[in-house]
Amino acid sequence: MPIFRVALDLPLHRLFDYLAPETAGREAIGRRVRVPFGRGERLGVIVDVAASGDWPIEQLKPAGEVLHDLPPLPPDFFALCQFASTYYQAPLGEVVLQALPAGLKRRDAPQRRSVRPPPPAAPVLPPELTAEQAAAVAAVDPAAGFSAHLLHGVTGSGKTEVYLRLVERALAAGRQALLLVPEINLTPQLEERVRARFPQNTVVALHSELAEAARERNWLAAFAGSADIVLGTRLAIFTPLPRLGLIVVDEEHDASFKQQDGMRYSARDLAVVRAHQAGVPVVLGSATPALETWANAAAGRYQRLTLRERANRQAKLPPLCLIDTRRLSLREGFAAPLLAAVGERLARGEQSLIFLNRRGYAPVLACPACAWVSHCRRCAANLVLHRADRRLRCHHCGFEQRVPPACPTCGNQDIHPYGRGTQRLEEWLQGEFPAARILRVDRDSVKSRKQWEAMLERIHGGEADILVGTQMLAKGHDFSKLTLVGVLGADAALHAADWRAPERLFAQLMQVAGRAGRAELAGEVLIQTQFPEHPLFAALVVHDYAGFAASQLAEREQAGFPPYAFQAVLRAEAPQMADAIAFLKAAVALPPVAAHGEVVLYDPVPMRMARLASLERGQLLAESPSRPALQAFLPRWREAIEGLKTPSRLRWHLEVDPLEF
Ligand code: ADP
Ligand code: ZN
Ligand code: ZN
């Protein structure tokens, strides 16, 4: 009697066995199946058809209906899921089922609506490639099997054009292309650009903000092979693609490729694994690659392709200047030279962008008479003042309340906002430049893709003189009249406890600086700082990513940080920190720990943000100079941890290659 080995969406590291019909064979692998579970029924995916499983056959229940509404999920899909499950210590069932659109995880049959082929249109003619672009395109040979490339190109150097040429080649060879981007909503023009270039081909988007039906339709088109180009965010890495010929990861350094909850994986890293499994090229593109990627290229694991010049010859990289604020008196955070520069742009009818990566009016409201500050009740964080709608909001858990009319502790009516956010800059600049049209661009002013597109239209239409914004504005936009970028509040990240903070700051500043001078008009970038001698700024002002990366990597090597060590973190959250720490201490004392000399476990400590949404959070770092040693240790450790008795309200998880602590 054959049995079905079934993946179910449960947090358990095993498959579930059911009796299969007498006639069932391996052609059932990859099909969805209804199975009895507890008192009800669940939908799972058949991973294997075997003669025996983990349990005596007489204890097994018969499987229910095998669904034939779709072709079976292919072997390469399972190969990627299996890799992710093993590498990230995630149950295979969770990996397999999270990869499917929601509708296919329920019983209902898939939507039969298909993706309409695009209306006929003349393709937009591509520009003639620059010599550097041509060399990059020529270096990637889709016919030669797996190859990994880092496309390192300054902002505006025409990386997207290189991707499009590679996609064109893949399509010409009858293959599908997968393009991963950090956040599609922030770059609607990319989708347009792809569609305009390939009007004869079917392009589908896959991201979490699509309505369920649209996502399912697009996923099915990709799976059926009828979509030629899939443009997606991190979750799209798991899409089955029968004709896959190329994977591109744009802005590969972006942290949003890392899933930070549920199944914690890096879509960028999985892209390389998938390309390897499928025998196709993968291109990781960025102006500021992740240091892990840079090190991989330096070690020869990825081929480095470099674009040094902006593609548009008239567009020069803008000069970056530091404004030393130590000897200047600031007005509402602004140094006089920056204000003067804004004034000049106004007089010339050009746009300025003031960049501050902090939304809200002020990061905290406090009482000078007593020690009261606006703390979040549920988190180790302050409530941010949003003056426009008179609310205090926690940016971590979403808790909010009305602004109190007086200090809740001492009754003092004179409570003050401290520090600045984008709303406060906007308000003050409006007073300073009454005739200027100011647009604030952050997650409070732009909440949906529609609003974002409308906002972009206003900016492009010249309806704004001054933009005040967060990193939302930093990515991939061409604003032809934007000639000045002013940066405030960069210093905070220079001395952050997080050793990845300089890498993020450098990338962010390069990105935002890249917005200036994209067209004929020359740009200028002014960065206010109290630390003008800092090596990060020294590298930044000469656009020297390579120098910055080399010095950061040298520091990391000395300190034994990634990419020179491999890490996993065990986290526990509970109503009481003592419970979380006690659990982590018990995890350190488990037998597999002593047996793995090459893996070092640090002391359990509270997380940097120790309290989130009323739960106390502790963590324990496991580290090894050897990835195989860490990988050998993790499953044994995890199994032992699963055997620990835990308080009922304690939750724990393991994260491999964590980015945040
Ligand atoms: P990146 O992705 O590196 O930031 P883009 O691909 O968006 O750069 O290109 C920046 C600008 O240069 C775009 O306006 C694009 O149309 C233009 N561009 C790209 N390649 C060329 C080329 N070979 N000749 C002329 N213009 C180009
Ligand atoms: Zn008070
Ligand atoms: Zn909170």
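All values derive from a computational prediction rather than experimental measurement. (Residues numbered from 1 in each chain as written. Chains lettered and ligands numbered in written order. Predicted model: local features only at pLDDT ≥ 70, side-chain atom pairs only at ≥ 80, totals over all residues. Heavy atoms only, no water.)

Let us now look at the overall build of the protein chain. Looking only at helices and strands, the protein chain has 18 helices and 27 strands in total. For the protein chain, the C-alpha radius of gyration of 27 Å lies close to 26 Å, the compact-globule estimate for 661 residues. The principal-axis extents of the C-alpha atoms in the protein chain amount to approximately 85 × 65 × 45 Å. Here the protein chain, with 661 residues, has 55% of them falling under the buried criterion. Partitioning the contacts of the protein chain with sequence separation of at least 6, the portion at a separation of at least 24 is 75%. Counting only carbon and sulfur atoms, one obtains 53% of the accessible surface of the protein chain, whose full area is about 28,600 Å². (Helix = DSSP H or I, 4+ residues; strand = E, 2+ residues; numbered from the N terminus. Rg over C-alpha atoms; globule rule 2.2 N^0.38 Å. Buried < 20%, exposed > 50% of the residue type's maximum accessible area, 1.4 Å probe, protein only. Contact = heavy atoms within 4.5 Å. Areas by Shrake-Rupley, 256 points an atom, 1.4 Å probe, with all protein chains shown as cover.)

This part is about the coordination of the zinc ion (ligand 3). Tetrahedral coordination by four donors places them ideally at 109.5 degrees to one another around the metal; octahedral coordination by six donors ideally gives 90 or 180 degrees. Around the zinc ion (ligand 3), the protein contributes the donor atoms Cys376 (SG), Cys379 (SG), Cys394 (SG) and Cys397 (SG), which lie 2.2 to 2.4 Å from the metal centre. Each of the four donor atoms bound to the zinc ion (ligand 3) contributes to angles spanning 103 to 115°, and the resulting shape is tetrahedral. Coordination of the zinc ion (ligand 3) draws on donor residues from a single chain, spaced C-x2-C-x14-C-x2-C in sequence. Judged by its relative accessible area of 22%, Cys397 is partly exposed. (Donors = N, O, S within 2.8 Å, 3.2 Å for Na, K, Ca; no water. Tetrahedral: all angles 85-135°; square planar, octahedral: opposite > 155°, others 65-115°.)

A separate point is the site of ligand 1. Taken together, 16 residues lie near ligand 1, and Glu128, Gln133, Gly156, Lys159 and Thr160 sit nearest. The separation between an oxygen atom of ligand 1 and a polar main-chain atom of Ser157 is 3.3 Å. Measuring from an oxygen atom of ligand 1, one finds a backbone N or O atom of Gly158 at 3.0 Å. Out of a free accessible area of 560 Å², ligand 1 has 74% covered by protein chains. The greatest single-element share of the shell around ligand 1, amounting to three residues, is contributed by helix α5 (residues 159-172). Across the shell around ligand 1, the residue classes tally to four nonpolar, six polar and six charged. (Near = heavy atom within 4 Å. Polar contact = N/O pair within 3.5 Å; in protein donor to acceptor, adjacent residues only side chain to side chain. Nonpolar A, V, L, I, M, F, W, Y, C, P; charged D, E, K, R; others polar.)

A few words on the coordination of the zinc ion (ligand 2). Here the zinc ion (ligand 2) is held by the protein donor atoms Cys367 (SG), Cys370 (SG), Cys407 (SG) and Cys410 (SG), which lie 2.3 Å from it. Considering all four donor atoms around the zinc ion (ligand 2), angles at the metal cover 101 to 116° and the coordination shape is tetrahedral. Assessed through its relative accessible area of 4%, Cys407 is described here as buried.

Turning our attention to the nonpolar core. General note: in soluble globular proteins, nonpolar side chains tend to be found buried as a group. Core analysis: the largest hydrophobic core is formed by 140 residues, its most contacted members being Phe4, Phe238 and Trp637. The biggest single contributor to this core is helix α1 (residues 75-88), with seven residues. Trp637 has contacts with Leu570, Ala587, Leu590, Pro592, Val593, Leu601, Leu620, Ala622 and Leu654, leaving out every residue within four places of it along the chain. (Core = buried A, V, L, I, M, F, W, Y, C linked by side-chain atoms within 4.5 Å.)

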